[in-house]
Amino acid sequence: MTDTVTQHWDPDRYKRTAGFVAELGAPVVELLAPVAGERILDLGCGDGLLTARMAALGCEVLGVDASPEMVAATRARGVPAAVMDGANLGFDGEFDAVFSNAALHWITDYQGVLAGVYRALRPGGRFVAEFGGQGNVAAIERALQDALARRGVEVPSPWFFPAPTAYRAALEAAGFEVVVLEHFPRPTPQPGDIRAWILTFGNLYLGHIDTSEHEAVVNEAVAALAPELRDTEGNWFVDYVRLRLRAVRPA
C-alpha cells in the first residue's frame, strides 16, 4: 500500500479505451463557439484531439496537461502544448477563452484552478468546461471502495465532483459571471465491460493496494456493478453525471 497515489496516463491505452471522452466533448466545443483568430487555452488537453480540432478552425491554441505523456501526444498532432499543473496556471490576460473537457474533476484544488483561469483570461474572455459533477461514477466508486474495505483499506473519493450550487458560488467568488451551468446525468456506453474503464481511470484507487491484488479487486467490482451498469443485452455503461458551464470574466 502507498500513501500517495498519482494517476498515470498511457496515451495508447487512452486512445483504445477512452476515445469516447473527446467525442462526447463535441457539445462543449459548440458551447465555446471558437472563432478563427482567437487565442484559446485547452486546460487538461489530454491527447490533444479537441485541441487539434480548434486549431483546424483557425484558432491559436495552447494545450496544457499535468501528464508529460499526454503533452507529448498532443505535440505529435502538431499542436503546441506544455506540461503544467492546472491549479497553478502561469498566464496573465493572454487568452480569449479557456476550454476544458473531462479534466477538472482530477484537480481537487478547484479554487487554484478558478483563480488561474480568471487570471489567464482577457477582460470579457470566457471559460467553458465540462467535468464530473455531484453523483458522477457513484456506483463505480462504491464498488471499488467496498472491494478495498474488505482488504482493510479505506479510500475516500480522490476526485472533485461538486454540486452545481457550490460550484456556481465558487465561480462567482472567483469573479466570474455565470452564463450557463447545467448538471445532468449522461450514462455512457462502453466498448466492452467496465473493466477497461477501471484500469484506465481507477489508478487512484488501485494504487493503494499491491499490484498482485489488482485483478481480484477489479473482478469483484465488475461483479458488483453488473446488476446496475449492464443492460439485459450485456451492454455496459458508465454512470456519468456532468457539470457543463460557460462563465465570463467581466470586461
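What counts, and at which threshold
- Residues numbered from 1 in each chain as written.
- Predicted model: local features only at pLDDT ≥ 70, side-chain atom pairs only at ≥ 80, totals over all residues.
- Heavy atoms only, no water.
- Helix = DSSP H or I, 4+ residues; strand = E, 2+ residues; numbered from the N terminus.
- Rg over C-alpha atoms; globule rule 2.2 N^0.38 Å.
- Buried < 20%, exposed > 50% of the residue type's maximum accessible area, 1.4 Å probe, protein only.
- Contact = heavy atoms within 4.5 Å.
- Areas by Shrake-Rupley, 256 points an atom, 1.4 Å probe, with all protein chains shown as cover.
- Pairing = 2+ DSSP bridges.
- Axes fitted to C-alpha atoms, helices over the stretch in contact; angles between N-to-C directions.
- Right-handed = clockwise from strand over helix to strand, strands pointing away.
- Polar contact = N/O pair within 3.5 Å; in protein donor to acceptor, adjacent residues only side chain to side chain.
- Parallel < 35°, antiparallel > 145°, perpendicular 65-115°, else oblique.
- Left-handed = near helix turned anticlockwise from the far one by under 90°.
- Nonpolar A, V, L, I, M, F, W, Y, C, P; charged D, E, K, R; others polar.

Q: So what's going on with the overall build of the chain? Which residues, and what values?
A: When helices and strands are tallied, the chain shows 11 helices and nine strands. Whereas a compact globule of 251 residues would reach a radius of gyration of roughly 18 Å, the chain reaches 18 Å, a difference of no more than 12%. By principal-axis analysis of the C-alpha atoms, the chain measures approximately 55 × 40 × 40 Å. Every one of the 251 residues in the chain was classed for burial, and the buried ones make up 53%. Restricting to contacts in the chain with at least 6 residues of sequence separation, those with at least 24 account for 76%. For the chain, the computed accessible surface area is about 11,200 Å², with 52% contributed by carbon and sulfur atoms.

Q: Residues and numbers for the sheet that holds strand β2 (residues 60-65), please.
A: Ordered in space as β3-β2-β1-β4-β5-β9-β6, the seven strands form an open sheet in which the pairing is mixed. In this open sheet, the two strands that pair with only one neighbour each are β3 (81-83) and β6 (177-185). Strand-to-strand twist in this sheet, taken as the mean axis angle between neighbours without regard to direction, amounts to 15 degrees. Bridge count between strand β5 (residues 121-132) and strand β9 (residues 241-248): seven bridges; the pairing is antiparallel. Bridging across to β9, E130 finds its partner in R244. Contacts from helix α6 (residues 110-120) reach β1 (39-43), β4 (95-101) and β5, with the element oriented near 145 degrees to β5.

Q: Mind laying out the pairing of β2, listing which residues take part and the relevant values?
A: Of all six residues in β2, five are buried; the element is thus mostly enclosed. Pairing between β1 and β2: five bridges, direction parallel. When the bridges of β2 are listed, I40 appears paired with V61. Since β1 and β2 lie parallel, the crossover through helix α4 (residues 49-56) that links them has a hand, and here it is right-handed. In terms of strand pairing, β2 meets β3 through three bridges, oriented parallel. Bridging across to β3, D65 finds its partner in V83. Once the chain exits β2 it traverses helix α5 (residues 68-76) before rejoining the sheet at β3, and the crossover so formed is right-handed.

Q: Break down the side chain of R244 for me, citing the residues and quoting the values.
A: Here R244 lies in strand β9. We classify R244 as buried; its relative accessible area is 15%. At a separation of 2.6 Å, a polar atom in the side chain of R244 contacts the side chain of E130. Leaving out residues up to four positions away in the same chain, R244 has contacts with P27, V28, L31, A129, E130, V180, L181, E182 and F184.

Q: Let's hear about the packing of helix α7 (residues 138-149) against helix α11 (residues 214-229): which residues, and what values?
A: Where α7 meets α11, the closest approach of the two axes is 9 Å, and the angle between their N-to-C directions is 140 degrees. Here α7 lies oblique to α11, going by the angle between them. Every pair of crossing elements has a handedness; the one defined by α7 and α11 is right-handed. Two secondary-structure elements touch here, α7 through A139, I140, R142, A143, L144, A147 and L148 and α11 through V217, E220, A221, A224, L225, E228 and L229. In the contact of α7 with α11, the residues fall into 11 nonpolar, no polar and three charged.

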